[in-house]
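Breakdown of the fold
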Amino acid sequence: MARPVKDLEPGSVYVTMSMSRFSEGRAMLPIFGRNPSTYCEVDIATYETHCAQDLAREEFNWGLYFHRGDQDGIWYNLRRHDDLKCGPCPTLFDLDRRHVTASPRLEGQVVGLIRVLRVPQILCGELTWYLDWLAWESYVTAARTFIWVTSMYLRTWHHIIRMLNNPSLAYGSQFNVNLFLREALDFAYENADHATGGQLPRPIIKSAYGTELGIPGEDGINESLLLAQQRGSA
């Protein structure tokens, strides 16, 4: 199960849950005051299709934050076009990629962070390059921020494992998008009222469906990475 985490950790990727800013004239969805343990309030089966068909707006903006070290992080978000002002657009969203020195936990719109991936420091450069490429390649077809974010996480995890050519370096539960969505919404509903009240810093949890390269030290990673680089240049 998910558990609280005290601090941001270098080499970690987090899902950020933020309160949505809706276009002028649109009603705010009733995300506040929900009982997070009452699952019947969230219809997981229809959540994706309703958002995709614009029958409902996502209650939160989902983003991805890669914490590389102290005062060094990359934050990826999708910004929905304002339907009332910009007219027809080729994409539903614009990509917002920011290098940040302050923690997202101190941002007013953020509700909380969910850690989904952690890699050793030596892989931070590779992961930065891959996340940048993947974000620019994938945002143009995005219809929902939560599907875009979970897809980014899964593709990044598979990329790292393929690069190291050693699946045994990863451990954790088999990823299930429905269970992860429920975990994330449960966490966000629980903390939405605290966020509107201005309580800082925002909380972090380690997802029960996340992935971590589980090795006692970085020597094994160094060796695997060198071998992978040699194979790639051969």
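Residues numbered from 1 in each chain as written. Predicted model: local features only at pLDDT ≥ 70, side-chain atom pairs only at ≥ 80, totals over all residues. Heavy atoms only, no water.

Along the backbone of the protein chain there are six helices and eight strands. The order of helices and strands in the protein chain, counted from the N terminus, is β-β-α-β-β-α-β-β-α-α-β-α-β-α. Burial analysis of the protein chain (234 residues in total) assigns 47% to the buried set. Considering only contacts within the protein chain whose residues lie at least 6 apart along the sequence, 80% involve residues at least 24 apart. (Helix = DSSP H or I, 4+ residues; strand = E, 2+ residues; numbered from the N terminus. Buried < 20%, exposed > 50% of the residue type's maximum accessible area, 1.4 Å probe, protein only. Contact = heavy atoms within 4.5 Å.)

This part is about helix H4 (residues 145–164). Given 3.6 residues per turn, any residue in an α-helix points the same way as the ones three and four places further on. In a regular helix each residue adds 1.5 Å, so 20 residues correspond to 28 Å; H4 covers 29 Å between its end C-alpha atoms and thus fits that length. Immediately beyond the C-terminal end of H4, within one or two residues, lies Asn-165, with a positive phi of roughly 55 degrees. (Expected span 1.5 Å × (residues − 1).)

Once that is clear, we can look at the packing of helix H3 (residues 124–138) against H4. Close contact between H3 and H4 brings their axes to 10 Å; oriented N to C, the two are set at 140 degrees. The angle between H3 and H4 falls in the class oblique. The way H3 lies across H4 gives a crossing that is right-handed. Between H3 and H4, the residues in contact are Glu-126, Leu-127, Trp-129, Tyr-130, Leu-131, Trp-133, Leu-134, Ala-135 and Ser-138 and Trp-148, Met-152, Arg-155, Thr-156, His-159, Ile-160 and Met-163, respectively. Residue composition of the contact of H3 with H4, grouped by class: 11 nonpolar, three polar and two charged. (Axes fitted to C-alpha atoms, helices over the stretch in contact; angles between N-to-C directions. Parallel < 35°, antiparallel > 145°, perpendicular 65-115°, else oblique. Left-handed = near helix turned anticlockwise from the far one by under 90°. Nonpolar A, V, L, I, M, F, W, Y, C, P; charged D, E, K, R; others polar.)

Right, let's get into the environment of Gly-198. Mapped onto the fold, Gly-198 is located in the loop between helix H5 (177–196) and strand E8 (204–213). For Gly-198, a relative accessible area of 45% puts it in the partly exposed group. Distance in space between the C-alpha atoms of Gly-198 and Val-111 is 9.9 Å, their sequence separation being 87 residues.

Across all of its chains, the model carries two cavities of 30 Å³ or more by this definition. Considering only enclosed or pocket space, the second largest cavity measures out at about 40 Å³ in volume. Along its surface, the second largest cavity is lined by Val-111, Asn-191, His-194, Ala-195, Gln-199, Pro-201, Arg-202 and Pro-203. Per-element accounting of the lining of the second largest cavity gives the leading share, three residues, to H5. Looking at the lining of the second largest cavity residue by residue, the classes come out as four nonpolar, three polar and one charged. (1 Å grid on protein atoms, 1.4 Å probe; cavity = no way out; pocket = protein on both sides within 12 Å on 5 of 7 lines; lining within 4 Å. Points joined across faces, edges and corners; volume = space filled by probe spheres on them.)

Moving on to the environment of Ile-205. Of note, Ile-205 is situated in strand E8. Residues in contact with Ile-205, not counting those within four places in the same chain, are Ala-2, Arg-3, Pro-4, Val-5, Leu-113, Ile-114, Arg-115 and Phe-187.

With respect to the element layout, Thr-128 can be found in helix H3. Excluding anything up to four places from it in sequence, Thr-128 contacts Phe-66, Arg-68, Tyr-76 and Arg-97.

As a further point, take H3. The first and last C-alpha atoms of H3 sit 21 Å apart over 15 residues, in line with the 21 Å expected at 1.5 Å per residue. Looking at H3, one finds that the buried residues are Cys-124, Leu-127, Thr-128, Tyr-130, Leu-131, Asp-132, Leu-134, Ala-135 and Ser-138. If you follow the buried residues of H3, they end up packed against strand E2 (12–19), strand E3 (60–69), strand E4 (72–80), strand E5 (93–100) and H4.

The next thing to look at is the confidence of the model for the protein chain. Residues at a pLDDT of 70 or more form 68% of the protein chain, whose mean pLDDT is 78. Least confident of the elements in the protein chain is helix H6 (residues 219–233), whose mean pLDDT is 50; most confident is H3, at 96. A low-confidence stretch, residues 22–33 (pLDDT under 50), is modelled with 25 contacts involving residues beyond four sequence positions or located in other chains. The low-confidence segment residues 36–40, where pLDDT is below 50, has six contacts with residues more than four positions distant or belonging to other chains. (pLDDT = per-residue confidence, 0-100.)

Here we take up the pairing of E2. With eight of eight residues buried, E2 is to be regarded as a mostly interior element. The two faces of E2 match: Ser-12, Tyr-14, Thr-16 and Ser-18 on one face and Val-13, Val-15, Met-17 and Met-19 on the other face are all buried. In this sheet, E3 lies alongside E2 in antiparallel orientation, the contact comprising eight bridges. Counted as the bridge partner of Tyr-14 is Tyr-65 from E3. (Pairing = 2+ DSSP bridges.)

All right, on to the pattern of salt bridges then. Per the counting criterion, the structure on display carries nine salt bridges. Residue Asp-96 is joined to Arg-98 by a salt bridge in which the shortest nitrogen-to-oxygen separation is 3.4 Å. Lys-206 serves as the salt-bridge partner of Glu-212, at 3.4 Å between the closest nitrogen and oxygen. For the residue pair Glu-212 and Lys-206, the accessibility class agrees, reading buried in each case. (Salt bridge = Lys/Arg side-chain N within 4 Å of Asp/Glu carboxyl O.)

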